[in-house]
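# Close look at the chain arrangement
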Amino acid sequence: GQFWNALRHAEIGLVDPESWESASILGCPESLDSSIFADARDFVRVVHVGANKGYGLARQLSLLAPDLGITNQRWGDVLSGLGARHACGWCRDCLDDADTFRGNQSGVEVVEAHLVEPLSSNVALLRSVLKIFGFFPSKETTTRGEVWVKEVGGSRAVVHLHTVEA
């Protein structure tokens, strides 16, 4: 599909892989079916390969741990405040607020997220956003990165930031 066509065009020079416009060829991911989390109570593990600016994490935390106060719109506001280029994302991720899905239900006890991101500029943004949202570095380490933790109310989020630079 679109992804392979974009790669092929980039390989033969029809699309500059660093160009913002080339992202349009890839299209936007389909919305996650939020109902898969409906019965989650104790522990959920998510993995984001190619975490980019972290909107996938923000959306899942808004669904799974609403006590943390993280939504895509707030995440985008923080990225904009940090001066991030294209802070809202090609797919307008900053407008995707799914925090009403769980309603007044309490979140799961622990959300463990693994973010894999090769671009050092995005890694720096992710670190900054996590700090601004009140995550703190844990003494726990991973083989290729660092661990960030935030606890509010009955929810705990553990974010493993896996980087190529670590």
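The structure under discussion appears in the preceding block.
Summary of the structure given here.

Before going further, it helps to spend a moment on the overall build of the protein chain. Along the protein chain, the regular secondary structure elements total five helices and five strands. When the elements of the protein chain are put in sequence order from the N terminus, they spell out α-α-β-α-α-β-α-β-β-β. Residues counted as buried form 40% of the 166 residues belonging to the protein chain. Counting only contacts in the protein chain whose residues sit at least 6 apart along the sequence, the fraction spanning at least 24 positions is 64%. Looking at the protein chain as shown, the accessible area adds up to about 9,300 Å², and 52% of this sits on carbon and sulfur atoms.

Turning our eyes to something else, we now look at helix H4 (residues 72-81). Considered for burial, the residues of H4 that qualify are Asn72, Trp75, Gly76, Val78 and Leu79. The arc that holds every buried residue of H4, seen down its axis, measures 160°, which confines them to one face. Considering only its buried residues, H4 is in contact with helix H3 (55-64) and helix H5 (120-132).

Within the secondary structure layout, Ala51 lies in the loop between strand E1 (43-49) and H3. Judged by its relative accessible area of 9%, Ala51 is buried. Sequence separation between Ala51 and His114 is 63 residues; the distance between their C-alpha atoms is 8.9 Å. If we ignore the near neighbours within four places in the chain, the residues touching Ala51 are Leu115, Val116, Glu117 and Leu126.

With that settled, the discussion passes to the pattern of salt bridges. One pass over the structure, following the stated rule, counts three salt bridges. Across the pair Glu112 and Arg45 runs a salt bridge whose closest N-O atoms are separated by 2.5 Å. Note that Glu112 is positioned in strand E2 (residues 110-117) and Arg45 in strand E1, a separation of 67 residues in sequence. The salt bridge partner of Arg127 is Glu146, with a shortest N-O separation of 2.8 Å.

Orientation of H3 relative to H4, taken along the N-to-C sense of each, is 140°, at an axis distance of 8 Å. By the criterion of interaxial angle, the relationship of H3 to H4 is oblique. Seen from above, H3 lies across H4 with right-handed handedness. On H4, the residues that touch Tyr55, Leu57, Ala58 and Arg59 of H3 are Asn72, Trp75, Gly76 and Leu79. Split by residue class, the contact of H3 with H4 holds five nonpolar, two polar and one charged.

Thresholds applied
Residues numbered from 1 in each chain as written. Predicted model: local features only at pLDDT ≥ 70, side-chain atom pairs only at ≥ 80, totals over all residues. Heavy atoms only, no water. Helix = DSSP H or I, 4+ residues; strand = E, 2+ residues; numbered from the N terminus. Buried < 20%, exposed > 50% of the residue type's maximum accessible area, 1.4 Å probe, protein only. Contact = heavy atoms within 4.5 Å. Areas by Shrake-Rupley, 256 points an atom, 1.4 Å probe, with all protein chains shown as cover. Arc of directions from axis to C-beta. Salt bridge = Lys/Arg side-chain N within 4 Å of Asp/Glu carboxyl O. Axes fitted to C-alpha atoms, helices over the stretch in contact; angles between N-to-C directions. Parallel < 35°, antiparallel > 145°, perpendicular 65-115°, else oblique. Left-handed = near helix turned anticlockwise from the far one by under 90°. Nonpolar A, V, L, I, M, F, W, Y, C, P; charged D, E, K, R; others polar.

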